[in-house]
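Survey of secondary and tertiary structure
These are the residues of each chain, in order.
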Amino acid sequence: MSIISEHALRRAKHAMRWVAVAAAAGLVVGCATATSGNGATRNDMATGAAGGPFNFGTTPTAADLAHDFSYPADGRGLPPGSGTYAQGKVVYETTCQACHGDHLQGGVGDRLIGGRGTLASGAPVKTVESYWPYATTFFDYVKRAMPFTAPGSLTDDQVYAVTAYVLAEANIVGKDATMNAQTLPQVKMPNRDGFVTRDPRPDVP
Ligand code: HEC
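**Some thoughts on the environment of Gly 75**
Secondary-structure assignment places Gly 75 in the loop between α2 (62-65) and β1 (82-84). A count of 20 C-beta atoms within 10 Å places Gly 75 in the buried class. Each C-alpha atom of the pair Gly 75 and Gln 182 lies 8.4 Å from the other, and the pair is 107 residues apart in sequence. Excluding anything up to four places from it in sequence, Gly 75 contacts Thr 136, Ala 181, Leu 184 and Pro 185.

If you want it as structure tokens, here you go:
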């Protein structure tokens, strides 16, 4: 219960941060061309400092924006760093195992491996191994959302490492594989071709 409410609180805080960031970005765009009555450019608004008409929000710093990432399937923009199976085993045991089980069989959190080929069987076992089409989005998801109680707390090296560990335990890569921005997009997930390619939205051609 406390896990859930803590998570909800964290999400609410995150959403509020977004409002502040979006507001600041809006001010920057909105003010780029705005001139006051006497023709002076109102760049002061872009600083987010007191004195702008709305007097709220702050200009996102480079450090703030560094948190706003999402890596697409092809891995564009993946961060530097790398990780191995052995390093990932340590990350898994200390930050994932309590919820996902000592054999990645699940518990409080989802089962992560096994179930390959079961999706259309009538008794689907939905896991990273059976379901996820891209390794890059696994990295993205873990970096942003896990561990459940402290999302964003892992370093990029740790996320690469735990990715190497989970993918090797799923027999998708070897235990000697190193995961980094170059190798990760090359991983072919077992269910890569299991998704319909046509966009299901009727209004999208
Ligand atoms: C406190 C418990 C907890 C911890 C610790 C935790 N997870 Fe999770 N994990 C969850 C829960 C709960 C979900 C389901 C979230 C949802 O459906 O929104 C989940 C979902 C996932 C999924 C998606 C599974 C799927 O098939 O869709 C992955 C992958 C994952 N976790 C990886 C990790 C990794 C890697 C770590 C360690 C770095 C970790 N988790 C740590 C609770 C946890």
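**Brief notes about the packing of helix α5 (residues 135-145) against helix α6 (residues 156-169)**
One can describe the packing of α5 onto α6 by two numbers: an axis separation of 10 Å at closest approach and a directional angle of 125 degrees. In terms of orientation, α5 lies oblique with respect to α6. The chirality of how α5 crosses α6 is right-handed. Each of Ala 135, Phe 138, Phe 139, Val 142 and Lys 143 in α5 lies in contact with α6, whose residues at this interface are Val 159, Val 162, Thr 163 and Leu 167. The residue inventory of the contact of α5 with α6, partitioned by class, reads 7 nonpolar, 1 polar and 1 charged.

**With respect to the site of the ligand**
Around the ligand, a shell composed of 22 residues is seen, among which Cys 96, Cys 99, Gly 109, Pro 147 and Phe 148 lie nearest. Of all the secondary structure elements, the ones that give two or more residues to the shell around the ligand are α4 (97-100) and α5. Here the residues of the shell around the ligand sort into 15 nonpolar, 5 polar and 2 charged.

**Brief notes about α6**
For α6, spanning 14 residues, the distance from its first C-alpha to its last is 20 Å, which sits close to the expected 20 Å at 1.5 Å a residue. Along α6, 12 of the 14 residues are buried, which leaves the element largely enclosed by surrounding structure. Taken as a whole, α6 has its buried residues at Gln 158, Val 159, Tyr 160, Ala 161, Val 162, Thr 163, Ala 164, Tyr 165, Val 166, Leu 167, Ala 168 and Glu 169. Asn 171 sits one or two positions beyond α6 and adopts a positive phi of about 60 degrees.

What counts, and where the lines are drawn
Every chain is numbered independently, its residues counted from 1 as its sequence is written. Residues qualify for local features only when their pLDDT is at least 70, as the model is predicted, and side-chain atom pairs are given and counted only at 80 or more; totals for whole chains, interfaces and linings, by contrast, use all residues. The way it works is that DSSP assigns letters per residue, a run of H or I at least four long becomes a helix, a run of E at least two long becomes a strand, and they are numbered from the N terminus. With C-beta atoms placed from the backbone, the exposure class of a residue follows from how many other C-beta atoms lie within 10 Å of its own: 20 or more, buried; 12 or fewer, exposed; in between, partly exposed. Each residue is represented by a C-beta atom placed from its backbone, and any two residues with such atoms within 7 Å are regarded as in contact. Angles run from 0 to 180 degrees between N-to-C directions of axes, and those axes are lines fitted to C-alpha atoms, restricted for helices to the stretch in contact. Each angle gets one of four labels, with under 35 degrees taken as roughly parallel, over 145 as roughly antiparallel, 65 to 115 as roughly perpendicular, and the rest as oblique. Rotating anticlockwise by less than a right angle from the far helix to the near helix defines a left-handed crossing, while the corresponding clockwise rotation defines a right-handed one. All residues other than Ala, Val, Leu, Ile, Met, Phe, Trp, Tyr, Cys, Pro, Asp, Glu, Lys and Arg, Gly among them, are scored as polar; the first ten of these are nonpolar and the last four charged. The criterion for a residue being near a molecule or strand is simple: its C-beta atom, placed using the backbone, must lie within 6 Å of it. Given a helix with a known number of residues, its expected span is that number minus one, times 1.5 Å.

Purely geometric numbers; function is a separate question.
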